[in-house]
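Spelled out from the first residue to the last, the chains are:
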Amino acid sequence: FGTILTLTGAGLGAIVSFYLSRFFFKDQISKFFKGKIWNYVDLSLSKKQWQVVAFTRLNPIFPFGPTSWFFGITKVTVKNYFWPTIICIIPAASAFSAIGSSLESFILTGNEQKLYTNVLIASGLVTVLICIRIGFKIYNKKIEFDENIK
């Protein structure tokens, strides 16, 4: 149940920030982004919109709120912003809800087994995601290497 509430709140917050940025604060926010580098970033975003949104939502180094405002001033369409945002925050929302629930159980009842299990599952999922990412990098380098040989 916590995951659904988290997704609802985060999704609504993301879309409201996106629209506010796009329609009300675009001029004020755009002052910070000018020049050749910004033009390059905006052009690149317009070509791979949903992929960039998905990457920033899956990668915890990008703060959720500021990226919502940032995408609002770009050429990213609402469809290419909203759906990757919702889909790509599911893993984090699920992990936070599961660990939060197990912390509640631990604090109220002293049952640490649920906490250990959920932390272990979350750690395993992170490990799997990292391995998939490394696998894609290796696969892409192999394809690039094979094309250079031909």
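Small disclaimer: the values here were computed from a predicted structure and weren't measured. As a convention, each chain's residues are numbered from 1 in the sequence order in which they are written. Whole-chain, interface and lining totals are the exception, using all residues; otherwise, since this is a predicted model, local features are given only for residues with pLDDT of at least 70 and side-chain atom pairs are given and counted only at 80 or more. No hydrogens and no water enter the side-chain calculation; it runs on all heavy atoms of the structure.

A.B. asks: When you look at the confidence of the model for the protein chain in this model, what are you seeing that I'm missing?
C.D. replies: Regions with low pLDDT should not have their predicted coordinates read in detail. How sure the predictor is of each residue is captured by pLDDT, a score from 0 to 100. Within the protein chain, residue pLDDT values average 77, and 88% of them lie at 70 or more. By definition, any uninterrupted DSSP run of H or I lasting at least four residues is a helix, any uninterrupted run of E lasting at least two residues is a strand, and each is numbered from the N terminus. Averaged over each element, pLDDT in the protein chain is lowest for helix 2 (residues 26-30) (72) and highest for helix 6 (residues 78-88) (85).

A.B. asks: Help me understand helix 5 (residues 64-72) in this model?
C.D. replies: Structurally, the α-helix is built with 3.6 residues per turn, so residues lying three or four positions apart point the same way. Where helix 5 is concerned, the buried positions are Thr-67, Ser-68, Phe-71 and Gly-72. Buried positions in helix 5, seen along its axis, are confined to an arc of 145° and lie on one side of it. Under the scheme applied here, a residue whose accessible area is under 20% of the maximum for its type counts as buried, over 50% as exposed, and between as partly exposed, the area being computed with a 1.4 Å probe on protein chains only. What the arc describes is the spread of directions from the helix axis to the C-beta atoms.

A.B. asks: Is there a simple way to think about the nonpolar core in this case?
C.D. replies: The nonpolar side chains of a soluble globular protein tend to be buried, and buried together. Ala-14, Ile-15, Phe-18, Leu-45, Val-53, Phe-71, Val-76 and Tyr-81 form the largest nonpolar core, which has eight residues in total. Element by element, the count of residues in this core is highest for helix 1 (residues 2-23), at three residues. Contacts are assigned to residue pairs with any non-hydrogen atoms lying within 4.5 Å of each other. Those residues in contact with Leu-45 that sit more than four places away from it in its chain are Val-52, Phe-70, Phe-71, Thr-74 and Val-76. In this text, buried Ala, Val, Leu, Ile, Met, Phe, Trp, Tyr and Cys residues form a nonpolar core when linked through side-chain atoms within 4.5 Å.

A.B. asks: Hey, could you run me through the environment of Glu-112 in this one?
C.D. replies: Along the chain, Glu-112 falls in helix 8 (residues 112-149). For the pair Glu-112 and Ser-102, spaced 10 residues apart in the sequence, the C-alpha separation amounts to 7.8 Å.

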